[in-house]
Amino acid sequence: QVQLVESGGGLVQAGDSLRLSCTASGRTFSIYDMGWFRQAPGKEREFVGVIRWSGGSAYYADSVKGRFTISRDNTKNTVYLQMSSLKPEDTAVYYCAAHRIGAWPEMRGGLYDYWGHGTQVTVSS
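These lines cover the structure that appears in this document, whether it is placed above or below. Note that residues are indexed from 1 along each chain, following the sequence as it is written. pLDDT decides what is reported in this predicted model: residues at 70 or higher carry local features, side-chain atom pairs at 80 or more are listed and counted, and totals for whole chains, interfaces and linings draw on all residues regardless. Think of the side-chain values as coming from all heavy atoms in the structure, minus any hydrogens and water.

Focus on the pattern of salt bridges
The rule for a salt bridge is simple: a side-chain nitrogen of Lys or Arg has to be within 4 Å of a carboxyl oxygen of Asp or Glu. What the rule picks out here adds up to six salt bridges. In this structure, Asp33 and Arg52 form a salt bridge, with 2.7 Å as the shortest nitrogen-oxygen distance. Linking Asp33 in strand β4 (residues 32–39) with Arg52 in the loop between β5 (46–51) and β6 (58–60), this pair joins segments that are 19 residues apart in sequence. Each member of the pair, Asp33 together with Arg52, is buried. Between Arg108 and Glu106 there is a salt bridge; the shortest N-O distance is 2.8 Å. Overall, Arg108 belongs to the exposed group, its relative accessible area being 51%. Three labels apply to residues, based on accessible area from a 1.4 Å probe with only protein chains included: buried if under 20% of the type maximum, exposed if over 50%, partly exposed otherwise in between. Judged by relative accessible area, which is 3%, Glu106 ranks as buried. Working definition: helices are DSSP H or I runs of at least four residues, strands are E runs of at least two. Numbering for both runs from the N terminus.

Below you can see the structure in the form of structure tokens.
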């Protein structure tokens, strides 16, 4: 069992940067690829990006590529989502999720094993 807790969300202006964190409980954090998803009001959940269990590879949705960076520190059981050049369309609840090592990159949220409760990011214009 893995419990995930996101933090770092807030209200920012367009063009600002923000870093989200997701901390996992349990000793097996390093065997999971960690994904970030987001869901805006009235929209379906959207894949943002995923980082390999080792931290050696990351994959991003086209909508955030070049602006967002995922990293992880397995010694701290934490994965990060660094967001820069934020846009109003980035406004959403952001979720981290854990996927047992398998297909890469896994963009289907339904195949993730554990989810956090989400953190709100609001970008004003």
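Quick look at the packing of aromatic side chains
Ring geometry is summarised as follows: Phe, Tyr and Trp rings, the Trp one being its six-membered ring, pair when their centres sit within 6.5 Å, and such pairs are stacked at plane angles under 30 degrees, edge-to-face over 60 and tilted between the two. In this structure the tally under the stated criterion is seven aromatic pairs. Arranged with centres 5.6 Å apart and planes meeting at 75 degrees, the rings of Phe37 and Phe47 form a pair that is edge-to-face. With Phe37 in strand β4 and Phe47 in strand β5, the pair connects residues that are 10 residues apart, well separated along the chain. Each member of the pair, Phe37 as well as Phe47, is classed as buried.

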